[in-house]
Amino acid sequence: MTTLQINSSLFGAGGQSTTLANELVARLGGKAVVRDLAKNPVPHLDGERFAAFISKPETRTPAQQAVVDYSDALIAELKAADTIVIGLPMYNFGLPSTLKAYFDHIGRAGVTFKYTDKGPVGLLTGKKAYLVVARGGVYGDAHAHMTYVRDFLAFLGITDVECIYAEGLAISPQAKEQGLAKARTAIRRLNEREPALI
């Protein structure tokens, strides 16, 4: 089994979402590939990059081809993974802009999804995703922070998504301890439900 771990905390290895994602990936076992978006950020989408994505291969300039090649490499890494673990902090009620930039480079028509007369169809089916969520407050499962990420993954065909929450981390030292403990308990309990885990 190959797991792609995507870390999006601004604090890199020191982020709470990263620390918890590391613990989850260690429990999953198998091969792990780590993409750290703080250490190696994906460029934010602009008009030139978008034009490269929608241009026909025979008309691309060398610069446009380089943009497409970079996106293709990210997508190949994602396609090769059986499981995806995303370390997902919340900043100002949303996901980190680096993770949004990553999504903008992997969501490509004809590559990771396609449009049909019955609507869009995701092409990255058969994968399991875990979202390891770290938040200063307590917002629950229905917050827009989560619905956007789940909706985006479903758009690509990744519908088996499980969330692990560490909430209340900025409320008080006690709330932080309780929030982290709850997340770690959820990670440990994966073994009880997933016999393939080691």
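In this text, all values refer to a predicted model and were calculated from it rather than measured experimentally.

Visitor: Help me understand the pattern of salt bridges in this model?
Guide: Between side chains of opposite charge, a pair can form as their charged atoms come close. Overall, the coordinates contain 8 salt bridges when judged by the stated rule. We note a salt bridge from Lys128 to Asp160, for which the minimum N-O separation is 3.1 Å. Of this pair, Lys128 sits in strand β6 (residues 128-134) while Asp160 sits in strand β7 (residues 160-166); the two residues are 32 residues apart in sequence, bridging distant segments of the chain. Judged by its relative accessible area of 15%, Lys128 falls in the buried class. By relative accessible area, which is 39% here, Asp160 ends up partly exposed.

Visitor: For this particular structure, what's the right way to read the packing of helix α4 (residues 97-106) against helix α5 (residues 144-155)?
Guide: Helix packing geometry: the angle between the two helix axes and the distance between the axes. As a packed pair, α4 and α5 sit with axes 12 Å apart at the nearest point and diverge in direction by 20°. Judged by the angle between their axes, α4 and α5 are roughly parallel. For the crossing formed where α4 meets α5, the hand is left-handed. Taking contact as the criterion, the partners of Lys100, Phe103 and Ile106 in α4 are, on α5, Tyr148, Val149 and Phe152. When its residues are assigned to classes, the contact of α4 with α5 shows 5 nonpolar, no polar and 1 charged.

Visitor: Could you clarify how one ought to interpret the side chain of Glu167 in this entry?
Guide: By the secondary structure assignment, Glu167 is in the loop between β7 and α6 (173-188). According to the relative accessible area criterion, Glu167 is buried, its value standing at 15%. Looking at Glu167, its side chain comes within polar contact range of the side chain of Arg135, at 2.7 Å. Looking at Glu167, its side chain comes within polar contact range of the main-chain nitrogen of Tyr139, at 2.9 Å.

Visitor: When you look at α5 in this model, what are you seeing that I'm missing?
Guide: Since there are 3.6 residues in each turn of an α-helix, residues three or four apart along the chain are aligned in direction. In a regular helix each residue adds 1.5 Å, so 12 residues correspond to 16 Å; α5 covers 16 Å between its end C-alpha atoms and thus fits that length. Turning to α5, its buried residues are His145, Met146, Val149, Phe152 and Leu153. Seen from one end, α5 has its buried residues packed into an arc of 135°, which puts them on one side. Residues Ala144 and Asp151 are exposed on α5 and point more than 90 degrees away from its buried face. Contacts from the buried residues of α5 go to β3 (83-89), α4, β6 and β7. Taken from the residues just after α5, Gly157 is the one with a positive phi, measuring 105°.

Visitor: I'm lost on the packing of aromatic side chains in this one. Help?
Guide: How two aromatic rings sit relative to each other is given by the distance of their centres and the angle of their planes. This model, assessed by the stated rule, comprises 7 aromatic pairs. The interplanar angle of 85° and the centroid separation of 5.3 Å between the aromatic rings of Phe113 and Tyr115 together place this pair among those described as edge-to-face. Residue Phe113 is classed as buried on the basis of its relative accessible area, which comes to 6%. Classification of Tyr115 by relative accessible area gives exposed; the value is 59%. For the ring pair Phe113 and Phe155, a centre distance of 4.6 Å and an interplane angle of 55° mean the geometry is tilted. Highlighted residues: Phe113 in strand β4 (residues 113-116) and Phe155 in helix α5, separated in sequence by 42 residues. Pairwise contacts between aromatic rings join Tyr102, Phe103, Tyr148 and Phe152 into one cluster.

Visitor: How do you make sense of the nonpolar core when you look at a structure like this?
Guide: Across soluble globular proteins, nonpolar side chains have a tendency to be buried as a group. Counting residues in each nonpolar core, the largest one holds 29 residues, and the members touching the most others are Ile86, Leu88, Leu99, Tyr102, Phe103 and Ile106. Those elements that place two or more of their residues in this core are β1 (2-7), α3 (62-79), β3, α4, β6 and α5. No other element matches the 5 residues that α4 contributes to this core. Tyr130, Ile164, Leu169 and Ile187 belong to the second-largest nonpolar core, a separate cluster that totals 16 residues.

Thresholds, definitions, all that
Along each chain, the written sequence defines residue order, and numbers are assigned to residues from 1. Selection of residues for local features in this predicted model requires a pLDDT of at least 70, selection of side-chain atom pairs for listing and counting requires 80 or more, and totals for whole chains, interfaces and linings are taken over all residues. With hydrogens and water stripped out, all remaining heavy atoms of the structure feed into the side-chain values. By definition, a salt bridge exists where a carboxyl oxygen of Asp or Glu is found within 4 Å of a side-chain nitrogen of Lys or Arg. Only runs of H or I of at least four residues qualify as helices and only runs of E of at least two qualify as strands under DSSP, and these elements are numbered from the N terminus. Only protein chains enter the area calculation, which uses a 1.4 Å probe; residues under 20% of their type maximum are buried, those over 50% are exposed, and those in between are partly exposed. Helix axes are fitted only over the stretch in contact, all axes being lines through C-alpha atoms; the angle between N-to-C directions runs from 0 to 180 degrees. Roughly parallel means an angle under 35 degrees; roughly antiparallel, over 145; roughly perpendicular, 65 to 115; everything else is oblique. A crossing counts as left-handed when the near helix is turned anticlockwise from the far one by less than a right angle, and as right-handed when that turn is clockwise. Whether two residues are in contact is decided by their heavy atoms: any pair within 4.5 Å suffices. Think of it as three bins: nonpolar holds Ala, Val, Leu, Ile, Met, Phe, Trp, Tyr, Cys and Pro, charged holds Asp, Glu, Lys and Arg, and polar takes everything else, Gly as well. Counted as a polar contact is a pair of N or O atoms within 3.5 Å, where, for protein atoms, one must be capable of donating a hydrogen and the other of accepting one, and residues adjacent in sequence contribute only when both atoms are in side chains. Any helix carries an expected span of 1.5 Å times its number of residues minus one. The arc refers to the directions leading from the helix axis to the C-beta atoms. Each Phe, Tyr or Trp ring (for Trp, its six-membered ring) is paired with any other whose centre lies within 6.5 Å, and the angle between the two planes then decides the class: stacked below 30 degrees, edge-to-face above 60, tilted in between. Among the buried residues, those of types Ala, Val, Leu, Ile, Met, Phe, Trp, Tyr and Cys that are joined through side-chain atoms within 4.5 Å form a nonpolar core.

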